[in-house]
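Here are the chains, one letter per residue:
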Amino acid sequence: MKKPKIVILGAGYGGLMTAVKLQKQVGVNEADIVLVNKNDYHYETTWLHEASAGTLHHDRVRYEIRDVIDRHKVEFIQGTVEEIKLEEKRVILDNGDVMYDYLVVALGAEPETFGIKGLKEFAFSIVNVNSARQLREHIEYQFATYNTEAEKREERLAIVVGGAGFTGIEFLGELANRVPELCREYDVDYHKVKVICVEAAPMVLPGFDPELVNYAVAQLEKKGIEFMIGTPIKECTPEGIIVGKGEDEVEEIKAGTVVWAAGVRGSSVIEKSGFEAMRGRIKVEPDLRAPGQEDVFIVGDCALIINEEINRPYPPTAQIAMQEGEVVARNLAALIRNKQDLETFTPDIKGTVCSLGEDDAIGVAFGKKMVGGKASFMKKMIDNRSLYMIGGASLVLKKGKFNVL
Ligand code: FAD
Ligand code: NAD
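Keep in mind that this is a model prediction, so the values were computed, not measured.

Novice: I would appreciate a short explanation of the overall build of the protein in the present structure.
Specialist: A count of helices and strands for the protein gives nine helices and 26 strands. Here the C-alpha radius of gyration of the protein, 22 Å, is about what a compact globule of 405 residues would show, namely 22 Å. When its C-alpha atoms are laid out on the principal axes, the protein stretches across 75 × 45 × 45 Å. Taking the intrachain contacts of the protein between residues at least 6 apart in sequence as the baseline, contacts between residues at least 24 apart amount to 66%. Surface summary for the protein: the accessible area is close to 19,000 Å², and the carbon and sulfur share equals 50%. Computing the positive centroid from 50 side-chain charges and the negative centroid from 62, the protein places the two 4 Å apart.

Written out as structure tokens, the structure reads:
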């Protein structure tokens, strides 16, 4: 009998977790497993703010996919997914086509710019290894150029971060530590540098514990970060940003670097392939299949799951993506053994920890609030745990964070 072919698209937290769990649960004679990813490496999306600020080298946040998959059981194809032809059970890549019997879509997120003028052209985003490297080098270029120009342009040293969500705050935490280093490296007066966080909502980290938020803001302000809250970005230009002030007024903020960290959407491949979706996210069935698609599972940032307690979607996180990957692997193993009774997915949220640079953080874990060194230690343990879950102790030894004190 012909073996079923399982194709996994994306080797991020969700896709790679599905692959490593499947390779343990399914025998070589039971199914062919194919993993497709744009690059031949996996990157820790949750560490990209560090690579973007330059506090962690970009090679530290990535590792070879072939090092963590069992090559006897999983075939790896490097390629970019362009479209899924659902009726033909075919995936179109930039370098060929792949047919499937079962599909797992785990293509992650893209920045959501809400149609705001100029953002796509002039703002940087924290998306992958290459965008992180580009942002780090752009900031360094601004510092390096500042002192070489006869007419000094202080806006070169201004960095605007749009959005005080978790990504914006974690990036600001890294920048706060990196700016003094950059000043020393490029002979720049620290007082001339401006780092401004612009947030549309009336508070930083909207919806998070106010006591922890106050701690984070105070710590970042102490290191020179300025906050403009209740201030939406309306436009991005080559010179900086335009923000809304009151009913009809606007204000220009000149800045050599604008970083858009104000929201994400699911992969654009989702809409291109004809799935019904909200901002690239598919409201999945309880067993993580796409509605009306018996053989297509969705995991990670492309999946939308409603938290029934508050009737709002769960925020897309690595924590949920990895848990989904585990359930999808079990459901696929059941399906290829002709079992129709599939497992239902319920997120098990263990907590949320937001770093404020290398040695500081805020968070709630296992129901306990924590700040400072304790929270920072917890954050590093979470980072190490995700390495362990994919690649075991050897991956933790190779890539883990041991600067815990
Ligand atoms: P990803 O892990 O992003 O993986 C997607 C994969 O698909 C990538 O390998 C990518 O290269 C590949 N891909 C994309 N498009 C294509 C294509 N067309 N063809 C082929 N391959 C493609 N969540 C937490 O739980 N805790 C945190 O502390 C945390 N910190 C974060 C910090 C930052 C700076 C950011 C940006 C996010 C953070 N998140 C955190 C959110 C978390 O990173 C995401 O929810 C998580 O990465 C989603 O997993 P995923 O598998 O859906 O996507
Ligand atoms: P987000 O949607 O959580 O936050 C975006 C922020 O941008 C919001 O505060 C929003 O009010 C603001 N904003 C939107 N439009 C704006 C505008 N025009 N001008 C100014 N501000 C504007 O997005 P994110 O921070 O990128 O996070 C994405 C996902 O990744 C979330 O689910 C988050 O929980 C997760 N994440 C988690 C962690 C962590 O657990 N440590 C870290 C990073 C990201």
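Novice: I keep staring at the sheet that holds strand β6 (residues 81-85) and nothing clicks. Help me out?
Specialist: Strand pairing in a sheet relies on backbone hydrogen bonds, with the paired strands running either antiparallel or parallel. One open sheet accounts for three strands, arranged β6-β7-β8; its pairing is antiparallel. The open sheet terminates on both sides in strands that have one partner only, identified here as β6 and β8 (96-99). Looking at each pair of strands side by side, their axes are set apart by 20° on average, direction ignored.

Novice: Could you clarify how one ought to interpret the site of ligand 2 in this entry?
Specialist: Around ligand 2 there are 26 residues in total, and T167, E199, I233, P316 and V353 lie nearest to it. One nitrogen or oxygen atom from the main chain of F166 is found 3.2 Å from an oxygen atom belonging to ligand 2. Across the complex, the protein chains shield 76% of the 840 Å² of accessible surface that ligand 2 would expose by itself. Going through the elements one at a time, α5 (166-185) and β24 (351-355) are the ones with two or more residues in the shell around ligand 2. Residue composition of the shell around ligand 2, grouped by class: 16 nonpolar, seven polar and three charged.

Novice: Honestly, unusual backbone geometry in this entry has me stumped. Any pointers?
Specialist: One can expect most non-glycine residues to show negative phi and most peptide bonds to be in trans. Positive phi is not limited to glycine here, since L288 has a value of about 75°. Mapping L288 onto the fold places it in the loop between β19 (282-283) and β20 (296-298). A positive phi angle, near 50°, is found at F366, a position not held by glycine. Its place among the elements puts F366 in the loop between β25 (361-365) and β26 (368-371). Overall, the relative accessible area of 63% leaves F366 in the exposed class.

Novice: Explain the state of the cysteines here, please?
Specialist: Such a bond, covalent and formed between the sulfur atoms of two cysteines, is termed a disulfide. Throughout the structure, instances matching the rule amount to zero disulfides. Here C183 is not disulfide-linked; the sulfur of C197 is the nearest cysteine sulfur, at 19 Å. Assessed through its relative accessible area of 6%, C183 is described here as buried. For C197, which is in no disulfide, the shortest distance to another cysteine sulfur is to C354 and amounts to 11 Å.

Novice: Is there a simple way to think about the sheet that holds β20 in this case?
Specialist: Taken in spatial order, the five strands make up an open sheet running β5-β2-β1-β9-β20, and their pairing is parallel. Unpaired on one side and paired on the other, β5 (74-78) and β20 mark the two borders of the sheet. For this sheet, the mean angle separating the axes of adjacent strands, direction not counted, is 20°. Pairing between strand β1 (residues 5-9) and strand β9 (residues 102-105): four bridges, direction parallel.

Novice: Help me out: how do you make sense of the domain arrangement of the protein in this one?
Specialist: You'll often see interface size given as the accessible area lost when the parts meet. Partitioning the protein into domains gives domain 1 (5-111 + 264-349), domain 2 (119-260) and domain 3 (350-405). Here the C-alpha centroids of domain 1 and domain 3 sit 24 Å apart. With 20 residues of domain 1 at the contact, the number on the domain 3 side is 14 residues. Here domain 1 and domain 3 share an interface that buries about 1,500 Å² over both sides, 54% of which is from carbon and sulfur atoms. Ranking the residues of domain 1 by area buried against domain 3 places W47, R60 and Y63 at the top, with a combined share of 33%. Summed over the shared surface of domain 1 and domain 3, the result is three salt bridges. A salt bridge links D348 to K350; its shortest N-O distance comes to 2.5 Å. Our count for the contact surface shared by domain 1 and domain 3 stands at ten residue pairs in polar contact (both at pLDDT 80 or more). For the side of domain 1 that touches domain 3, the elements supplying multiple residues, two or more each, are α1 (13-25), α2 (48-53), β4 (62-64) and α8 (318-336).

Cut-offs and rules
Residues numbered from 1 in each chain as written. Chains lettered and ligands numbered in written order. Predicted model: local features only at pLDDT ≥ 70, side-chain atom pairs only at ≥ 80, totals over all residues. Heavy atoms only, no water. Helix = DSSP H or I, 4+ residues; strand = E, 2+ residues; numbered from the N terminus. Rg over C-alpha atoms; globule rule 2.2 N^0.38 Å. Contact = heavy atoms within 4.5 Å. Areas by Shrake-Rupley, 256 points an atom, 1.4 Å probe, with all protein chains shown as cover. Lys, Arg positive; Asp, Glu negative; His and termini not counted. Charge placed at Lys NZ, Arg CZ, Asp CG, Glu CD. Pairing = 2+ DSSP bridges. Axes fitted to C-alpha atoms, helices over the stretch in contact; angles between N-to-C directions. Near = heavy atom within 4 Å. Polar contact = N/O pair within 3.5 Å; in protein donor to acceptor, adjacent residues only side chain to side chain. Nonpolar A, V, L, I, M, F, W, Y, C, P; charged D, E, K, R; others polar. Buried < 20%, exposed > 50% of the residue type's maximum accessible area, 1.4 Å probe, protein only. Disulfide = S-S within 2.5 Å. Domains from an automatic or database assignment. Buried area = accessible area lost by both parts, 1.4 Å probe. Salt bridge = Lys/Arg side-chain N within 4 Å of Asp/Glu carboxyl O.

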